[in-house]
Amino acid sequence: MKTVTAALIIIGNEILSGRTHDKNIPYIATKLNEAGVQLREVRVIPDIGSTIIDTVNVLRAQHDYIFTTGGIGPTHDDITCEFVAQAFGVPVIRHPEAERLLLAHYGPEQINDARMKMANVPQGATLIPNPVSAAPGFIIGNVHVMAGVPRIAQAMLDWVVPTLIGGAPVMSVSITTNLPEGTIADGLTAIANGYPDIDIGSYPTFKQGELATTLVVRSPDAAQNEAAAAEIRDLVITLGGAITPTPIA
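What comes next concerns the included structure. (Residues numbered from 1 in each chain as written. Predicted model: local features only at pLDDT ≥ 70, side-chain atom pairs only at ≥ 80, totals over all residues. Heavy atoms only, no water.)

**Considering the overall build of the chain**
Part 1 of the argument: Summing up its helical and strand segments, the chain has nine helices and twelve strands in all.
Part 2 of the argument: Dimensions of the chain along its principal axes, counting C-alpha atoms only, are 70 × 40 × 30 Å.
Part 3 of the argument: A total of 249 residues make up the chain; the buried ones form 45% of that total.
Part 4 of the argument: Counting contacts in the chain only where the partners sit at least 6 residues apart, residues at least 24 apart contribute 70% of the total.
Part 5 of the argument: For the chain, the centre of its 15 positive side-chain charges and the centre of its 24 negative side-chain charges are spaced 6 Å apart. (Helix = DSSP H or I, 4+ residues; strand = E, 2+ residues; numbered from the N terminus. Buried < 20%, exposed > 50% of the residue type's maximum accessible area, 1.4 Å probe, protein only. Contact = heavy atoms within 4.5 Å. Lys, Arg positive; Asp, Glu negative; His and termini not counted. Charge placed at Lys NZ, Arg CZ, Asp CG, Glu CD.)

Spelled out as structure tokens, the structure:
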């Protein structure tokens, strides 16, 4: 099956300053993988229009799907809509359905120009529903623009995922051993070289005073995964290590 890829653009000075910690990456990566879409790249960029334009245009040419989070609220620094529109060379319009949703959510007493700004989308965009706070995201081309607040971003993604056309989902095998990375590095490199189409990662941990290394084999090919995992298990045993394998996920 075709490999289908995606990139995530996280937009916001608050992320780059460390004031806000992103919590969307794990959820987005997991949901996309379940749909057969491999998240290949994540970029965190500031609230600078030219950077948004350049990043969107570069990545949308390289990947099947682009997702953005952040910058679609009512304040002056919420500029994602404006500059995504410029990336596509289209004007920003007031979307009538978005306007209706916001008016229904806030009511005539609380609606104002700032809140109604969230009804703006690039011309030709379709809406991504927001069941949490009404203000929608939008889709233009292969770019999916979502809120940055995790609860809202996740709800928007849940709506988007069934619309995606994915390829083969990536499966994995994990093997945990008590051996340190330095002990297994040479043998692991040889195994990895023998499976160029598989991603083999090594992840050390230190918990409750005990050192462990988890070796993860990932690809869309379950048989190849298991073959590589078998060689890794043999390597660990040969080096005198203990193994705690986990099943294919």
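On we go from here.
**Here we look at the packing of helix H8 (residues 181–194) against helix H9 (residues 222–238)**
Part 1 of the argument: For the pair H8 and H9, interaxial distance at closest approach is 10 Å and the crossing angle is 155°. In terms of orientation, H8 and H9 fall into the roughly antiparallel class. Crossing geometry of H8 relative to H9 is assigned as right-handed. Residues Ile 184, Gly 187, Leu 188 and Ile 191 of H8 form the contact with H9, whose own contacting residues are Ala 228, Glu 231, Ile 232 and Leu 235.
Part 2 of the argument: Here the contact of H8 with H9 is built from residues that sort into six nonpolar, one polar and one charged. (Axes fitted to C-alpha atoms, helices over the stretch in contact; angles between N-to-C directions. Parallel < 35°, antiparallel > 145°, perpendicular 65-115°, else oblique. Left-handed = near helix turned anticlockwise from the far one by under 90°. Nonpolar A, V, L, I, M, F, W, Y, C, P; charged D, E, K, R; others polar.)

**A look at the environment of Val 92**
Part 1 of the argument: One can find Val 92 in strand E4 (residues 92–94).
Part 2 of the argument: Placed 74 residues apart in sequence, Val 92 and Gly 18 show a C-alpha to C-alpha distance of 31 Å.
Part 3 of the argument: Setting aside residues up to four positions removed in sequence, Val 92 forms contacts with Cys 81, Glu 82, Ala 85, Asn 120, Val 121 and Pro 122.

**A few points about a nonpolar patch on the surface**
Part 1 of the argument: A surface patch of nonpolar side chains, about 270 Å² in accessible area, is lined by Leu 16, Ile 25, Val 42 and Val 44.
Part 2 of the argument: Residue position: Val 44 is located in strand E2 (residues 37–45). (Patch = residues over 30% accessible without salt bridge, like charges linked within 9 Å, V, L, I, M, F, W, Y side chains within 5 Å. Areas by Shrake-Rupley, 256 points an atom, 1.4 Å probe, with all protein chains shown as cover. Salt bridge = Lys/Arg side-chain N within 4 Å of Asp/Glu carboxyl O.)

**Here we look at the packing of aromatic side chains**
Between two aromatic rings, the relevant description is the distance of the centres plus the angle of the planes.
Part 1 of the argument: Counted according to the given criterion, the structure contains zero aromatic pairs.
Part 2 of the argument: Between the NZ or CZ atom of Arg 60 and the centre of the ring of Phe 88, over which it lies, the distance is 3.9 Å. (Phe/Tyr/Trp six-rings, centres within 6.5 Å; stacked < 30°, edge-to-face > 60°. Lys NZ or Arg CZ within 6 Å of the ring centre and 35° of its normal.)

**Structural notes on the environment of Pro 204**
Part 1 of the argument: Secondary-structure assignment places Pro 204 in strand E10 (residues 199–207).
Part 2 of the argument: For Pro 204, the contacting residues outside a window of four places in its chain are Glu 181, Ala 212 and Thr 213.

**What to know about the layout of surface pockets**
Part 1 of the argument: In this model, the largest pocket occupies a volume close to 560 Å³.
Part 2 of the argument: Lining the largest pocket are 32 residues; nearest its centre among them are Gly 70, Gly 71, Ala 147, Gly 148 and Val 149.
Part 3 of the argument: Residue assignment for the lining of the largest pocket shows that the elements contributing at least two residues are strand E1 (4–11), helix H1 (13–16) and helix H7 (150–160).
Part 4 of the argument: Broken down by element, the residue count for the lining of the largest pocket peaks at three residues, all from H7.
Part 5 of the argument: Along the lines of polarity and charge, the residues of the lining of the largest pocket split into 13 nonpolar, twelve polar and seven charged.
Part 6 of the argument: By volume, the second largest pocket is sized at about 300 Å³.
Part 7 of the argument: Here the lining of the second largest pocket is built from residues that sort into six nonpolar, five polar and five charged. (1 Å grid on protein atoms, 1.4 Å probe; cavity = no way out; pocket = protein on both sides within 12 Å on 5 of 7 lines; lining within 4 Å. Points joined across faces, edges and corners; volume = space filled by probe spheres on them.)

**Side note on the pattern of salt bridges**
Part 1 of the argument: The tally for this structure, following the rule as stated, stands at seven salt bridges.
Part 2 of the argument: The salt bridge involving Glu 34 is made with Lys 31; its shortest N-O contact spans 4.0 Å. Here Glu 34 pairs with Lys 31, and both are found in helix H2 (residues 25–34), just three residues apart, close to one helical turn.
Part 3 of the argument: Here Glu 34 falls in the exposed class, since its relative accessible area comes to 55%.
Part 4 of the argument: Salt-bridge contacts for Arg 218 lead to Asp 199; the nearest nitrogen and oxygen are separated by 4.0 Å. Taken together, the residues span a long stretch of sequence, with Arg 218 in strand E11 (residues 210–219) and Asp 199 in strand E10 at a distance of 19 residues.
Part 5 of the argument: Relative accessible area serves as the criterion here: at 40%, Asp 199 is assigned to the partly exposed category.

**Some remarks on the environment of Leu 59**
Part 1 of the argument: Mapped onto the fold, Leu 59 is located in helix H3 (residues 49–62).
Part 2 of the argument: Leu 59 gets classed as buried once you look at its relative accessible area, which sits at 0%.
Part 3 of the argument: In sequence terms Leu 59 and Thr 214 are 155 residues apart; their C-alpha atoms lie 32 Å from each other.
Part 4 of the argument: If we ignore the near neighbours within four places in the chain, the residues touching Leu 59 are Ala 7, Ile 9, Glu 41, Arg 43 and Ile 66.

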